[in-house]
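# Residue-level structure breakdown
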Amino acid sequence: NKIFIYQPDGSIKIVEINDPKQREALRRSYRMTQPLIDYANMATSALGQMHTRYNPAFAPMNFVRDALTNAFTLGAQMGPEKAGKLLSAIAADVAGGGMKKAFQFAKLHSNGNFDEIRRLAKTDQYFQDMLDYVEMGGKVSYLQGVAAKGALDELIKDVGRSGIMKSKEQVDKFVDIWNEMFELSSRAAAYRLLRDEFYAENKKKGMSNADAMADAQSHAVEYAKNLAN
């Protein structure tokens, strides 16, 4: 019942419409007028999720597929050498416990423990890179991922000591956590490589260290998010 109007100066006006008839005049409700279409959409969605969301093999398979696709895209735009570097970076991150660190980052972030994140970032470059990515605008991409650990904590409480998931909601939480762990690791690897590449290019242009890094981080965030898109 709210409409967001984005102003040229960057501010947002929010208009709230409480009259149902006025709302329907602006936004047609297929749920009210086309129940058969709604049921068909639900069936199609359920069938699709059996191949993706509820398929345990999908996340690791998609992780590899995304890595190859991102490498191909990067190679087409920046040359085959960059494609090889991205694949090597992803492999190195996985072998070096990148997924575990991504999950730990998600846990701390979802619990609001930013001081601990910054403490770890001082001694671990992987944490520092993920912190930079989030603070530079990558949080939208990570939004579901950083909530994964919070969802896991809720799931553990719901399941209890039995360890048995008895509801669809519990299963949904578990599979989403599984899928997001792979997604986090993939995007972090792309960001780290791109930032270093853009930084090197900026230094060749004669930019100062601070300006070169700030520009590289900004462009790396944009590029990494676009790869995901």
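Everything below is about the structure shown above.
The notes below deal with the structure included here. This one's a predicted model, so the numbers in the text were calculated from it and none came from an experiment. (Residues numbered from 1 in each chain as written. Predicted model: local features only at pLDDT ≥ 70, side-chain atom pairs only at ≥ 80, totals over all residues. Heavy atoms only, no water.)

If you tally the helices and strands in the protein, you get eleven helices and two strands. For the protein, buried positions account for 34% of its 229 residues. When contacts within the protein are restricted to residue pairs at least 6 apart in sequence, long-range pairs at least 24 apart make up 58% of them. In the structure as shown, the protein presents an accessible area of about 14400 Å², 58% of it carried by carbon and sulfur atoms. (Helix = DSSP H or I, 4+ residues; strand = E, 2+ residues; numbered from the N terminus. Buried < 20%, exposed > 50% of the residue type's maximum accessible area, 1.4 Å probe, protein only. Contact = heavy atoms within 4.5 Å. Areas by Shrake-Rupley, 256 points an atom, 1.4 Å probe, with all protein chains shown as cover.)

Moving on: the packing of helix H4 (residues 58-78) against helix H5 (residues 80-95). The interhelical angle for the contact between H4 and H5, taken along N-to-C directions, is 150 degrees, at an axis separation of 6 Å. By the criterion of interaxial angle, the relationship of H4 to H5 is roughly antiparallel. Viewed along their axes, H4 and H5 form a crossing whose handedness is right-handed. Contacts between H4 and H5 involve Phe63, Ala67, Leu68, Asn70, Ala71, Leu74, Gly75 and Met78 from the first element and Pro80, Lys82, Ala83, Leu86, Leu87, Ile90 and Val94 from the second. Here the contact of H4 with H5 is composed, by residue class, of twelve nonpolar, two polar and one charged. (Axes fitted to C-alpha atoms, helices over the stretch in contact; angles between N-to-C directions. Parallel < 35°, antiparallel > 145°, perpendicular 65-115°, else oblique. Left-handed = near helix turned anticlockwise from the far one by under 90°. Nonpolar A, V, L, I, M, F, W, Y, C, P; charged D, E, K, R; others polar.)

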